[in-house]
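# Structural features, examined
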Amino acid sequence: MASLRIRIYGDPCLREVAEPVDEIDDEIKELAADMIEIMYENSGIGLAAPQVGIGKRLFVADTQEQEGPNPMVFINPSIRNQSGTSTMEEGCLSIPDVREDVKRAESFDLEALDLEGNVVRFRADGLLGRVILHEVDHFEGKLFVDYLSPVKKIMVKDQLRALEKESLAASS
Ligand SMILES: [Zn+2]
């Protein structure tokens, strides 16, 4: 899996629904390790498998709120009991140079598996909560720019079109 690359807006794999991970085998562990590397190389705080062309429900994150690297891996996450709303600026490694405010739930219950297959459960909020909601959207083929108001969409239209062209050129 040495040739993973970040897929850019316009790449069809970003619009596909991802499959659950059915077994945490060596291939999945290697995928997670590669994704963590790619996330750090690109100074990201989250990266979902569909963003590197793998249609699996796995994402990696490091909100960098603690000192030193603290990579987290979430497998087959589910989100329940969303409450409140908060607005935060978001970006996406698949949509370079576009950053916009997005309104999402303020907190929710997360359940997922870690890389050892342990069930992880907690009430998520703040920056990590935000990253989780953003990454889980990638599993449904959803991108943060989908939430923008019609006016904001018009404002980023040219940027998105340029990315689409770039993406098409990279895949041909
Ligand atoms: Zn993203």
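Parameters and conventions
Residues numbered from 1 in each chain as written. Predicted model: local features only at pLDDT ≥ 70, side-chain atom pairs only at ≥ 80, totals over all residues. Helix = DSSP H or I, 4+ residues; strand = E, 2+ residues; numbered from the N terminus. Buried ≥ 20, exposed ≤ 12 C-beta atoms within 10 Å, placed from the backbone. Expected span 1.5 Å × (residues − 1). Pairing = 2+ DSSP bridges.

## A short note on the environment of Ala-33
With respect to the helices and strands, the residue Ala-33 is situated in helix α1 (residues 26-41). Taking the number of C-beta atoms within 10 Å as the measure of exposure, Ala-33 has 15 and is therefore partly exposed. Note: C-alpha distance between Ala-33 and Gln-51 (18 residues apart in sequence) is 15 Å.

## Brief notes about helix α2 (residues 126-139)
The terminal C-alpha atoms of α2 lie 21 Å apart, and with 14 residues this matches the ideal 20 Å at 1.5 Å per residue to within 8%. Across the 14 residues that make up α2, a large majority, 10, are buried. Taken together, the buried positions of α2 are occupied by Gly-129, Arg-130, Val-131, Ile-132, Leu-133, His-134, Glu-135, Val-136, His-138 and Phe-139.

## Overview of the pairing of strand β2 (residues 58-61)
Here β2 shows no split at all, with Leu-58 and Val-60 on one side and Phe-59 and Ala-61 on the other all buried. For strand β1 (residues 46-48) and β2, the ladder comprises 3 bridges, and the chain directions are antiparallel. Its bridge partner lying in β2, Gly-46 is registered against Ala-61. Alignment of β2 against strand β3 (residues 72-83), held across 4 bridges, turns out to be antiparallel. Bridge pairing links Phe-59 to Phe-74 in β3.

## A word on unusual backbone geometry
Even without being glycine, Ser-43 reaches a positive phi, approximately 55°. Within the secondary structure layout, Ser-43 lies in the loop between α1 and β1. For Ser-43, a count of 8 C-beta atoms within 10 Å puts it in the exposed group. We note that Gln-64 has phi near 60°; this positive angle belongs to a residue other than glycine. The topology assignment puts Gln-64 in the loop between β2 and β3.

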